[in-house]
Structure formats: C-alpha cells, structure tokens
Amino acid sequence: MSRIVDNIGFNFIELIDDPKTVEEMISGQKNALRQIGASDVVLTREDLVATPRTYAVVAKNLEGQAIGGVRIHSRLGTRKLPIESDSSPVPHAFRKKIELEPDVCELRGLWADLTLSKISISKLLVSNALTACYDLKFKSVIALAHLRSYRFVVAPLGFELDTRIPPMPYPDERFESMVVWHRGHSVALTKNRDPELRME
C-alpha cells in the first residue's frame, strides 16, 4: 500500500518481509538522533530486529530514499509490546495495567529527516499509522511521546495523556516522555486520515 503527498510516498509494510527497508529505518533513526545531538542514544532490540506482525509506515522521497518512519508493534503469543517489556521505562505496576488492555498496538520509533518539515512529515506518518492500526482491527494505540511530539504531532491527532503514569526520562534524562493513548476513530483521526491507505 502506498500513496504520494507533496512528492513524498507513504508505504505500509510488514518489516519481516522487507529487510532492505528495515536497514533504512535503522539508519534513518540513527541519523535523526544525530541531527538533534543525541547520537549516543542506544537503540533497543525492538528498534533493531524485525519480528512477525511488526509493521511500519515509511515516508520516501522521489528517489526512493527513506526520510521518515514509524513502527507498529503488536503482541504475538507470549511476546509483549515494547512498552510492556522488562526494558520499558514505564514502572512495573503501570506496565501491568497496560497488559490488561485488550487489542492494543504500540507506535514506536517515530523519526523524520530534520532537513525537511519534520512536524508535517511526522504528523502524516502517525496519521497513516493510525489508519493502518484500525484497519488491522486494533481497538487502541499506545505510544511514548516526548513533550514536543505530544504538543505538535500526536495530540492534534486525538492522542490523550495517560494521567496515571508520571512523565519519565526516555530514551535518557535529556528527554521527558509520557504515555499516550489513541482509542477508536476519533474526530481528529477522521480529519487527518489517508483514505487511500488501506489494508489489502
């Protein structure tokens, strides 16, 4: 699935089927971290390994280069969401509450090339990812968002703060991140969704 907006193509993939794009996503995420002076942030196993039922929406320019992306993680068997795992920055008691939520997926690893309009691309990536999540029949979407991303990217698309969980330093003490939820087809999503991006 794909479409083009302002000379940028948005593609939905299952990562295990596209190892080349996995490498592009990892390289792009590392480059985006360098651009904000955080090249020393260590990417986790969830960032580096493609597993079944892990998806992504990838933005590519006309030359086919990845310029942004976001992953969609799901539970599979005993596999938890990254936010529920032992390596998660979310306190254990709150992780247990998240585990009680049925039919939830997680957005993770949002990045965009800072030489472009990062907020616009990021918003389109998240909007298209939400469309994919609900086409995949998930009932809610969870994510960790730092303050700027919350204000300018995810809140305008209908995400809400989980006020039970205090902000936490993630991926390190330079960044304050918060747990956010998107539940169902909100008005904000309806206004921003991409009607051509569909599951086949």
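The residue numbers shown here count from 1 along each chain, following its written sequence. Under the rules for a predicted model, residues below a pLDDT of 70 receive no local features and side-chain atom pairs below 80 are neither given nor counted, while totals for whole chains, interfaces and linings still include all residues. Side-chain measures here rest on the full set of heavy atoms in the structure, leaving out hydrogens and waters.

1. Quick look at the packing of aromatic side chains
Note the following rule: Only centres within 6.5 Å qualify two rings of Phe, Tyr or Trp (six-membered ring in Trp) as a pair; their planes then separate them into stacked at under 30 degrees, edge-to-face at over 60, and tilted for everything else. Put simply, DSSP marks the helices as runs of H or I at least four residues long and the strands as runs of E at least two long, and each gets a number from the N terminus on. We call a residue buried when its accessible area falls under 20% of the maximum for its residue type, exposed when it is over 50%, and partly exposed in between, using a 1.4 Å probe and counting protein chains only. Here, a charge over a ring means that NZ of Lys or CZ of Arg falls within 6 Å of the ring centre while also lying within 35 degrees of the ring normal.
A full pass over the atoms with the stated rule returns 1 aromatic pair. Aromatic pair phenylalanine 12 and tyrosine 55: ring centres 5.5 Å apart, planes at 20 degrees, arrangement stacked. Taken together, the residues span a long stretch of sequence, with phenylalanine 12 in strand β2 (residues 8-14) and tyrosine 55 in strand β3 (residues 55-60) at a distance of 43 residues. By relative accessible area, which is 10% here, phenylalanine 12 ends up buried. Take tyrosine 55: its relative accessible area is 9%, and that puts it in the buried class. Over the ring of tryptophan 181 we find arginine 183, and its NZ or CZ is 4.2 Å from the ring centre.

2. A closer look at the nonpolar core
Put simply, the rule reads: What makes a nonpolar core is a set of buried Ala, Val, Leu, Ile, Met, Phe, Trp, Tyr and Cys residues whose side-chain atoms join them at distances within 4.5 Å. Residue contacts are defined here by distance: any two heavy atoms, one from each residue, within 4.5 Å place the two residues in contact.
Counting residues in each nonpolar core, the largest one holds 32 residues, and the members touching the most others are Ile72, Leu107, Val126, Val141 and Phe159. Secondary-structure elements contributing two or more residues to this core are β2, β3, β4 (66-73), β5 (104-112), α4 (118-135), β6 (140-146), α5 (147-154) and β9 (176-183). Tallying contributions element by element places α4 first for this core, with 8 residues. In this view, isoleucine 72 contacts Phe12, Arg53, Thr54, Tyr55, Ala56, Cys105, Glu106, Leu107, Ala129, Ala132 and Cys133; residues no more than four positions away in its chain are not counted.

3. Quick look at the environment of serine 120
For serine 120, the location among the structural elements is in helix α4. Along the backbone, serine 120 and valine 153 are 33 residues apart, and their C-alpha atoms lie at a distance of 8.2 Å.

4. Things to note about the side chain of asparagine 61
Inclusion rule: We call two N or O atoms a polar contact when they sit within 3.5 Å, provided that within protein one can donate a hydrogen and the other can accept it, with sequence-adjacent residues counted only if both atoms are side-chain atoms.
Inspection of the secondary structure puts asparagine 61 in the loop between β3 and β4. At 2.9 Å, the side chain of asparagine 61 and the backbone nitrogen of glutamine 65 are in polar contact. Residues contacting asparagine 61, with those up to four places away along its chain left out, are Asn7 and Ile67.

5. Some details on the pattern of salt bridges
Worth spelling out the cut-off: Salt bridge, as used here: a side-chain nitrogen of Lys or Arg that lies within 4 Å of a carboxyl oxygen of Asp or Glu.
With the rule as written, the count across this model stands at 9 salt bridges. One salt bridge connects lysine 96 with glutamate 99, and the closest N-O pair in it is separated by 3.6 Å. Here lysine 96 and its partner glutamate 99 are both found in helix α3 (residues 92-99), 3 residues apart, which amounts to about one turn of the helix. When its relative accessible area of 37% is taken as the criterion, lysine 96 is described as partly exposed. We classify glutamate 99 as partly exposed; its relative accessible area is 27%. Between glutamate 106 and arginine 108 there is a salt bridge, and its shortest N-O distance comes to 3.7 Å. In this structure glutamate 106 comes out as buried when scored by relative accessible area, which is 1%.

6. Some details on the confidence of the model for the protein
Note the following rule: Every residue carries a pLDDT, the predictor's confidence in it, which falls somewhere between 0 and 100.
In this model, the protein carries a mean pLDDT of 82, and residues with pLDDT of at least 70 account for 81%. Confidence drops under a pLDDT of 50 for residues 187-200, and excluding neighbours within four residues, the segment shows 38 contacts in the predicted structure.

7. Comments concerning the pairing of β6
The line we're drawing: Pairing between two strands requires that DSSP report at least two bridges joining them.
Judged by how many residues are buried, β6 sits mostly within the fold: 5 of 7 residues are covered. Examined bridge by bridge, β5 and β6 share 4 bridges and lie parallel to one another. Bridge pairing in β6 places glutamate 106 opposite isoleucine 142. Pairing analysis gives 7 bridges linking β6 to β9, with the strands arranged antiparallel. Paired with alanine 143 across the bridge in β9 is valine 180.

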